[in-house]
Amino acid sequence: MADQTPILELEHVDKSFGPIDVLMDINLKVHAGEVLCLLGDNGAGKSTLIKTLCGVFKPTAGKILMDGKDVRFNRPRDAQEMGISTVHQFGGTFALMSIGRSFFVGVEPTRGWGPFKIFDRAKANEIAVRAVRDFGITRIEDGDRLVGGLSGGERQSLAIARAVHFGARVLILDEPTAALGVKQASHVLRIINEAKRRGLAVIFITHQVMHAMAVGDHFAVLIRGAIAADFRRGEKTREEITDLMAGGETMADLEASIESYEDTHEGRPPPPAP
Amino acid sequence: MNGFSFRSLLRRPEMGSVLSLVLVVAFYVIIGHVDVGNLVGAASWLNFAANLGIVALPVGLLMIAGELDISIGSMIPAGSMTVAILSGYYELPIVVGILGALGFGVAVGLFNGYLATHTTVPSLIITLGSLVAVQGVVLSGSMLLTGAASVPLDAPDWAKTVFGHLIANKYQVIVFWWLGLTALFALFLHVSPWGNWVFALGGDETSARNAGIPTNRLKIMLFVMSSTAAAFVGMCGAIVFNSAQVSGGMNYIFNVIVSVVVGGVLLTGGFGSIIGIFFGAITFAIVNQGIYFTDIDRNWSNLIIGVMLIAAVLMNNTFRKMALAYAPRKKK
Ligand SMILES: Nc1ncnc2c1ncn2[C@@H]1O[C@H](COP(=O)(O)OP(=O)(O)OP(=O)(O)O)[C@@H](O)[C@H]1O
Ligand SMILES: [Mg+2]
């Protein structure tokens, strides 16, 4: 795969918010038919990185290449139009809108002609309901139902189903499995594999080693805004990956410190960090 | 089937306003001994509702989008003074006056919209600023240019026919504008694909932007619509009454917000309907003007408005909860 041009490539990308540097010198490649797992502790900059990739933020410095060509996304729509579709960590659905309307926000299906285009509610509802039902959420039958009446996981599934529906070339999922039950989470993993088989590039953010190991071809670990490790499937053991995900501290050290605390405090576990 | 469709009616955002209207009329008929025939044919509340309703439509749209515009309170006199000064005092063609008034509305809307999208100041504060600022501009501009706070205007016949004559000597022609605009706004919000953008904007602005909606442009456009609608109402008032005053209009802020909220629009955005806003304006107008048809002392009208507002909002909350909880029963 190394000879092929990556779909998306970041070259020396920096991102800062005023004086706060969040991303530093990020270099990354994502190929078609490949799952990149983006790992890292809370606040490492994963969400910021994918927001720069999908046009929400503009990089402070550096380049984004798509198919080897320099691209600039001035707004999320630009990225969307180039086939990059994203499920952000929070939100993505609208509580007081119907399932059908929420699914198609920004890309409304219309019928009619010229200036007399009208929102095609029947079509929107039908596609949206089919997409979530394909996701294993079979309780949803009516696209006129309001999104706010769904459970958290159902809402999340709706957001993912939407991204999958519109993702033409790159699918970016920011902690998609966070609110999901076992069945739906494994379904997301299946969807990721399916997208990969269809030749999409997938960027998948998760805090769960099992999920990452299950689908990842390529792993990048962010620690405090810089890429601390970049390796392929099979190059590291599960323990090593877990340690990297914890921000570089080894799990063994963490466990040792808990044990020594318990030894000196009559077996009580340490209080949670403030 | 009947029971089912009644249930689905209850989930609609405008249900609260329709019920409020029914309750208010029932109250006036039973307690106030109103002659319904008299009330229905009366011009007073209809004219009142039309003027109110034209401003309530875009303000309601803004509220659905999660914003507020109170500068309408000074845009109404600004619209009437602009047309009166240009076409009355300076005797320019009425078209110039009309375009001037509407242009003033567009400019203030752009200003409000720009600040609302490019700063983090809440739109209540921004439009409070422009409310007071426009008031200052209109008063000092009028004193400076004409030396008076009230300017006469004698509009040509065609302009009167279109914007401000009395049909059958009592119904303002603006009633038709109100009905037409209601239909246009309903098409925009509920039928066109852009309506979806307004709901999304008010529901979750970040997600809406991430979904590719040009949220800033949309918001600016909505602010332009509301201040232009207010200027339009002021302009029509000057044409129909042959004069304009710098004062007045402040009541509209309160009246419009009450109508919109009674009409089922969620104050925090994301939910509402044009039909609801339409009925909200009618309900408010009937409470406000219908009291003259009752044997109730008119000093009570504010109490009735207050009670109606709270009752309508409670109903709206209930209906919204029903809408959220709604799931069709499994077909066997
Ligand atoms: N708009 C912003 N302005 C200023 N700082 C920001 C902004 N967005 C993010 N940050 C900062 O950037 C850092 C990285 O945030 P980011 O959301 O990318 O983390 P993350 O890796 O996605 O974490 P998590 O696993 O908790 O989702 C945080 O310290 C955060 O405070
Ligand atoms: Mg994150």
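To keep things clear, this report deals only with the structure shown in the data block.

Thresholds, definitions, all that
- Just so you know, the residues in each chain are numbered from 1, in the order the chain's sequence is written.
- Chain letters start at A and ligand numbers start at 1, both assigned in the order the entries are written.
- Totals for whole chains, interfaces and linings use every residue, but because this is a predicted model, local features are given only for residues with pLDDT of at least 70 and side-chain atom pairs only at 80 or more, for both listing and counting.
- For side-chain calculations, the full set of non-hydrogen atoms in the structure is used, while hydrogens and water are omitted.
- Only protein atoms enter the 1 Å grid used here, on which a cavity is any set of points holding a 1.4 Å probe that cannot leave and a pocket is any open set flanked by protein within 12 Å on both sides along at least five of seven lines; residues with an atom within 4 Å of a point are listed as lining.
- Grid points are joined across faces, edges and corners, and a volume is the space filled by probe spheres set on the points.
- All amino acids are sorted into three groups, where Ala, Val, Leu, Ile, Met, Phe, Trp, Tyr, Cys and Pro are nonpolar, Asp, Glu, Lys and Arg are charged, and the leftover types, Gly among them, are polar.
- Each helix is a run of DSSP H or I of at least 4 residues and each strand a run of E of at least 2, with the numbering of both proceeding from the N terminus.
- In this description, contact between two residues means that some pair of their heavy atoms is separated by no more than 4.5 Å.
- Summed over both partners, the accessible area lost on bringing two parts together, with a 1.4 Å probe, is the buried area.
- The salt bridge criterion pairs a side-chain nitrogen of Lys or Arg with a carboxyl oxygen of Asp or Glu, the two atoms within 4 Å.
- As used in this structure description, the phrase polar contact means that two N or O atoms lie within 3.5 Å; if the pair is within protein, one of them must be able to donate a hydrogen and the other to accept it, and residues adjacent in sequence are counted only when both atoms belong to side chains.
- Here a donor is an N, O or S atom found within 2.8 Å of the metal, or within 3.2 Å if the metal is Na, K or Ca; sites may look incomplete because water is not among the atoms.
- Relative accessible area decides the class of each residue, using a 1.4 Å probe on protein chains only: under 20% of the type maximum gives buried, over 50% gives exposed, and in between gives partly exposed.

Time to look at the layout of surface pockets. Over the atoms, a rolling probe the size of a water molecule traces out where space has been left empty. Taken as a whole, the largest pocket holds about 790 Å³ of empty space. Lining the largest pocket are 27 residues; nearest its centre among them are S98, R101, R121 and D144 of chain A together with R12 of chain B. Split by residue class, the lining of the largest pocket holds 12 nonpolar, seven polar and eight charged. Within this model, the second largest pocket holds a volume of roughly 470 Å³. Lining the second largest pocket are 22 residues, with N51, I76, G237, F241 and Y252 of chain B sitting closest to its centre. When residues of the lining of the second largest pocket are traced back to their parent elements, those giving at least two are α4 (43–64), α5 (72–89), α12 (215–241), β4 (243–245) and α13 (250–262) of chain B. Looking at the lining of the second largest pocket element by element, the count peaks at five residues for α12 of chain B. Considering only residue class, the lining of the second largest pocket consists of nine nonpolar, 13 polar and no charged.

Looking now at the interface of chain B and chain A. With 32 residues of chain B at the interface, the matching set in chain A holds 30 residues. Summing the contributions of chain B and of chain A, the shared interface buries around 2,400 Å²; its carbon and sulfur component is 59%. The three residues of chain B that bury the most area against chain A are N196, N210 and L324 of chain B, which together make up 25% of that side's buried surface. At the boundary of chain B and chain A, one finds zero salt bridges. Scanning the region where chain B abuts chain A turns up eight residue pairs in polar contact (both at pLDDT 80 or more). Mapped onto the side of chain B that touches chain A, the elements with two or more residues apiece are α9 (174–191), α10 (193–203), α11 (205–210) and α15 (301–325) of chain B. With seven residues, the top contributor of residues to the side of chain B that touches chain A is α10 of chain B.

On to the coordination of the magnesium ion (ligand 2). Each pair of donors in an ideal four-coordinate tetrahedral metal site encloses 109.5 degrees, whereas pairs in an ideal six-coordinate octahedral site enclose 90 or 180 degrees. At 1.9 to 2.2 Å from the magnesium ion (ligand 2) lie its protein donor atoms, namely S47 of chain A (OG) and Q89 of chain A (OE1). Here the residue S47 of chain A occupies a position in helix α1 (residues 46–53), and Q89 of chain A occupies one in the loop between β6 (84–87) and α3 (99–103), the gap between them amounting to 42 residues.

Applying the stated criterion across every chain, the model contains 15 salt bridges over all chains. For E34 of chain A, the salt bridge goes to R232 of chain A, with nearest N and O atoms at 2.9 Å. Of this pair, E34 of chain A sits in strand β3 (residues 34–40) while R232 of chain A is found in strand β12 (residues 226–232), placing the two residues 198 residues apart along the sequence. Accessibility expressed as a relative area gives 1% for E34 of chain A, which makes it buried. Accessibility expressed as a relative area gives 36% for R232 of chain A, which makes it partly exposed. Residues D144 of chain A and R121 of chain A are paired through a salt bridge, measuring 2.6 Å at the closest nitrogen-oxygen approach. Residue D144 of chain A is found in the loop between α4 (121–134) and α5 (152–166), and its partner R121 of chain A is found in helix α4; the two are separated by 23 residues along the sequence. Exposure remark for D144 of chain A: the relative accessible area of 28% places this residue in the partly exposed category. Assessed through its relative accessible area of 45%, R121 of chain A is described here as partly exposed. Sharing partners across several salt bridges, the network here consists of E67, E205, R209 and K219 of chain B.

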